[in-house]
Each structure stands twice: as C-alpha cells, then as structure tokens.
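# Observations on the model geometry
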Amino acid sequence: MSAVPPRTHTPTPGQTVGPFFAFGLQYPDMNQVVHPHSPGSLVLGGTITDGNGAAIPDALVEIWQADSDGSIPRARGACRRDGHTFTGFGRAFTTDEGRYEFWTRDPGAEPGKAPFFAVIVYARGLPNKLHTRAYLPEDEAALAADPLLAGLAPDERATLIASRTPEGGLHFDIRLQGEKETVFLAY
Amino acid sequence: MTTPPSPTAAAPESLLAAPDQASQSAITAEIVAAHAEAERRVAAGEQLPTTMYDFPAYRSSILRHPTKNPRLVDPETIELLSPAFGQRDVAAIESDLTLQHTGEPLGERMTVEGRLLDSWGRPLRNQLVEIWQANAAGRYIHQRDQHPAPLDPNFTGAGRAITDDDGRYRFTTIKPGPYPWRNHVNAWRPAHIHFSIFGSSFTQRIITQMYFPSDPLFALDPIYNSIRSQKDRERLIGVYDHNLTSPEFSMGYRFDIVVDGPDATWFEPEEEN
C-alpha cells in the first residue's frame, strides 16, 4: 500500500444521543444478531453504570462482530432481519434497570488472534460515543498476545474481558466512570 | 465470576432534571470558562477531543463521562469494516417524514440533503442514515417527553435513508421547534435533528445533531457547546440553500457529514487496483 495521503476534510463532531432516541433508532429484532433458537445462540448482556454505580436506564449499545469462523459478515439486512442471515450487527437499549442484552453467537478471529465484539456505547448525558471491546474469555494464549490487552494493567484488562455464564452466555458490564471504569478506545 | 446485585435503579424520567437547577447566567458563565480553559490547554500542547466528554455545564454528563483518556489502539480487521447496508434494509418512503400518516403534519416543510464523505472527501455509498426529531411545536413523541406542547397526530419524527453512489441522502420533514429541558432553570435546546451515521469502518460511526442557522439559543446550550471550538460547532449547522428550496413546497438545507479516519481506513481507490 502506498503512503496515506493527508486528510483533506475535517470530521463532523459527534454529540450526545440524548434522551429520546428510542423511537428513532428502534427496529424489530434489533438485538437479535442471531435467531434465539439457532445453533450456538447465546445471550451477551450486562449492566451499564455511572460514576456512582447507578444503573443507566437510557443508554444504547451496539455490537459488530465476526462470525464464529472468523469471517467478516458482508451480508445486508441488519435492519430487516430474516432470521437466518448473519449480518454481525446488533443494537440494544438498556432497560430501566440499566441492562442490555443481545442474542448472538461467539465471534471468531484470524488464527492466533483473540476474538472480541466491537462495542459502542451511547447515552443521555454522554457527550459523544465511546468505543470498547468485549473479548471472549477462553483463549488465554491469544489474549496474552493481544497488543491492546498487553499494554493494560490487570484491573484495566479485566474490564475488557467478558465472563462466561453457567448457561454458556457472556456477561459484560460497562462502567462509564469511577472504580473499574471500562477502558475505552481511540483509533 | 459473580455479579454484584444491581442497585435499585431510579425511574428514568426522574433523572431528567438536574438536582441543582442553576440559572442560565451561571450555566453560560460555566460554558465560557470551559471553552477558555480548553483553549488554554490546547495552546499548551495538550490533545483534547473535539467534543468534550467532561463538560459539567451539561449536568447529566457529570457522572457519565469517563475520567481516563481513551486508549489509542490499532484497529483490527473487524473494526476497519462496518455492517453492510442496502436498499433491502430501508424502504425508499422512510426518507419522507411527512408521508407516514394519513394527513399532512403541521409546520414548516423542509428538505435536508447532504453527502456523507470520508476524511479524504470520498463519498461513502450504501451507508445507513437515521434521523429523529421533535415536531414543529418542539415535542418529541417519546413517552418521557412530557413538555406541554401538542403532539401532531400526523408526525412521528423518525426517518431512514441509504446513501446513493455520490454518498448523498435526502429527507423531507418538518422543521423542528426548540424545546425545554431540565438541565437548569429556563433551559431550551436550539432546534435540531438527531443524525445517526455509519461509515465504511465501524470506527467512523457517528451520532450527532444538525442545527439551524442563526439560532439565538446557541450560546446558551450546554450540549451544543460541549464541542469546544467555534469552528467545529459551526460544522453542525445546516446551510440554508435556496437551490434546494422547492417553489411553493419546502425550504432547503444542506448538511454534509464527514466521518473521522483513522489512517487505516484509507484504501486505494478501487479504480486504481
């Protein structure tokens, strides 16, 4: 690849999603990246909390992921689910208890790399989006080799690794501020 | 790993009013001071985000913004790509917010058109654009909006579009009104339309707001001013374009959107491959 030329356009700044996004951003089955009854389906969920540890009832989470074999989905239809096409994208609003949930399946990764969900959080009171990652907990060698995780202190690293529930699902809490604040990313 | 019991959550609508209810003059003074402080830090060589996460004049951000700087990371392949959207995802009629009910909505009919571009000015095709807004009276259809302005039975205020080969989108809608909120005493948001945009890379995802020229509320609004520099704030103001105005039908505004890099999202133009 040749050198990247200088950028010519200044990015449009982001703003908060505000309190009233639900009617604008909701669509049927938006949190079902896979059909709940499909093979390998699991619940990825957690709670979003503020600096006081209080649940955030007006947040929005999006995930974007590789399929279980590591392939990147290129199929359309994330906004109009057909129940079988894997588009890799999901959106969930938090409940009044601050909990979000997706039906999905485990992401894969390129050989040797640690699989993760790319995650974006938005909320009323959050002036702009926040990117993070939710890594699968199992492949310890790949996690140890991950360039992002390798540069983090153990308590920071722990905020990016989902835990496996007894039912085979994934638990991933997001703390916007304070103790155990989730590590957020810039690219 | 066990999960700690979640604290009893407050009812969402109870969170909408800031506890201290400052005066507008106090909030305006905080905004001015925060901009001056950001300018000073940037002049001293610090890197600050364009939109300030830590912006206490926007009261509900006080407990909701991260306190640590984001970690700079090289994007992995999945982050350099983005969900694929197409006309299959969105019906063409969804871009006309005035046709969603049996009657015509009240208010000033308007067209908003723009192009979605990357940081090198290249059009982003087949990307999803979602908008939502208050009606002409400044009322959202959302249940938690209990501001005593009328709902319009012929207006919901949500629309979607897919960008065309030039990266262009176009919505027909009604100009939204300003509306009151409870950040401080006598707080009013300038009229705005919320925009949600996907780029060709998930890192480029953006949710923002489009404003209207010469709004007298700009200097008073903590959300608009969470963007620290005047030049960047002005990027969120739609430009009145008489060529987009349709005779005897609607007013026209142009709002182009540029997504951020990073450099890893620069690909060789396809024609040259």
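Residues numbered from 1 in each chain as written. Chains lettered and ligands numbered in written order. Predicted model: local features only at pLDDT ≥ 70, side-chain atom pairs only at ≥ 80, totals over all residues. Heavy atoms only, no water.

Bringing the overall build of chain B into the picture now. Within chain B, the secondary structure is distributed over 3 helices and 12 strands. Taken over C-alpha atoms, the radius of gyration comes to 20 Å for chain B, in line with the 19 Å a tight globule of 273 residues would show. Principal axes of the C-alpha set define a box for chain B whose edges measure 50 × 50 × 45 Å. The buried share of chain B, reckoned over its 273 residues, is 53%. Sequence separation of 24 or more characterises 73% of the internal contacts of chain B that already satisfy a separation of 6 or more. Put simply, chain B shows about 12,500 Å² of open surface, and 55% of that area lies on carbon and sulfur atoms. (Helix = DSSP H or I, 4+ residues; strand = E, 2+ residues; numbered from the N terminus. Rg over C-alpha atoms; globule rule 2.2 N^0.38 Å. Buried < 20%, exposed > 50% of the residue type's maximum accessible area, 1.4 Å probe, protein only. Contact = heavy atoms within 4.5 Å. Areas by Shrake-Rupley, 256 points an atom, 1.4 Å probe, with all protein chains shown as cover.)

The helix and strand tally for chain A stands at 4 helices and 10 strands. Secondary structure of chain A in N-to-C order comes out as α-β-β-β-β-β-β-α-α-α-β-β-β-β. In terms of overall size, chain A behaves like a compact globule, its C-alpha atoms giving a radius of gyration of 17 Å where 187 residues would be expected to give roughly 16 Å. Out of the 187 residues in chain A, the part that is buried amounts to 58%.

This paragraph deals with the packing of aromatic side chains. Under the defined criterion, the tally for this structure stands at 21 aromatic pairs over all chains. Relative to F85(B), the ring of F89(A) has its centre 6.3 Å away and its plane inclined at 75 degrees; by these criteria the two rings are edge-to-face. On the criterion of chain membership, the pair formed by F89(A) in strand β3 (residues 89-93) and F85(B) in the loop between α2 (77-80) and β2 (109-117) is interchain, its members lying in two chains. Here F89(A) and F85(B) have matching classes, each one buried. Judged by centre distance (5.9 Å) and plane angle (80 degrees), the ring pair of Y211(B) and F218(B) falls under edge-to-face. Assessed through its relative accessible area of 0%, Y211(B) is described here as buried. By relative accessible area, which is 12% here, F218(B) ends up buried. Directly above the aromatic system of F249(B) lies the positively charged group of R109(B), at a separation of 4.0 Å from the ring centroid. (Phe/Tyr/Trp six-rings, centres within 6.5 Å; stacked < 30°, edge-to-face > 60°. Lys NZ or Arg CZ within 6 Å of the ring centre and 35° of its normal.)

Turning next to helix α1 (residues 24-43) of chain B. Residues and elements named next belong to chain B. Its 20 residues place the ends of α1 29 Å apart at the C-alpha level, agreeing with the 28 Å of an ideal helix rising 1.5 Å per residue. The complete set of buried residues in α1 reads Q24, I27, I31, H35 and A38. The arc that holds the buried residues of α1, viewed along the axis, is 80 degrees, so those residues lie on one side. Among the exposed residues of α1, those oriented more than 90 degrees off its buried face are S25, V32 and A43. Immediately downstream of α1, the backbone of G45 shows phi near 100 degrees, a positive value. (Expected span 1.5 Å × (residues − 1). Arc of directions from axis to C-beta.)

To continue, consider unusual backbone geometry. At K180(A), a residue that is not glycine, the phi angle is positive and equals roughly 60 degrees. Considering the arrangement of structural elements, one finds K180(A) in the loop between β9 (174-175) and β10 (185-186). Although it is not a glycine, E248(B) sits at a positive phi angle of roughly 55 degrees. As for its placement among the helices and strands, E248(B) is situated in the loop between β10 (239-240) and β11 (251-254).

Counting residues at the interface gives 94 residues for chain B, matched by 85 residues for chain A. Both sides of the chain B and chain A interface together cover about 8,000 Å² of buried area, and 58% of this is carbon and sulfur. One can count 10 salt bridges joining chain B with chain A. Residue E94(B) is joined to R80(A) by a salt bridge in which the shortest nitrogen-to-oxygen separation is 3.4 Å. Along the contact surface separating chain B from chain A lie 50 residue pairs in polar contact (both at pLDDT 80 or more). Within the residue set of the side of chain B that touches chain A, elements represented by two or more residues are β1 (71-72), α2, β3 (128-133), β4 (158-162), β8 (192-197), β9 (206-211) and β12 (257-258) of chain B. The element best represented in the side of chain B that touches chain A is β9(B), accounting for 5 residues. The class makeup of the residues in the side of chain B that touches chain A is 47 nonpolar, 26 polar and 21 charged. One ladder, built from 2 bridges, connects β10(A) with β1(B); its direction is parallel. Note that in β1(B) the partner of L185(A) across the bridge is R71(B). (Buried area = accessible area lost by both parts, 1.4 Å probe. Salt bridge = Lys/Arg side-chain N within 4 Å of Asp/Glu carboxyl O. Polar contact = N/O pair within 3.5 Å; in protein donor to acceptor, adjacent residues only side chain to side chain. Nonpolar A, V, L, I, M, F, W, Y, C, P; charged D, E, K, R; others polar. Pairing = 2+ DSSP bridges.)

You can see V259(B) is positioned in the segment after β12. V259(B) sits in the buried class, given a relative accessible area of 1%. Sequence spacing of V259(B) and E76(B) is 183 residues, and the spatial spacing of their C-alpha atoms is 18 Å. Dropping the residues within four chain positions of it, V259(B) is found in contact with P11(A), L116(B), L117(B), D118(B), S119(B), L124(B), I197(B), Q204(B) and I206(B).

Counting across every chain of the model gives 29 salt bridges over all chains. R205(B) is the partner of E62(A) in a salt bridge, and the nearest nitrogen-oxygen pair spans 2.7 Å. With E62(A) in strand β2 (residues 59-64) and R205(B) in the loop between β8 and β9, this pair bridges two chains. Residues D221(B) and R189(B) are paired through a salt bridge, measuring 3.0 Å at the closest nitrogen-oxygen approach.

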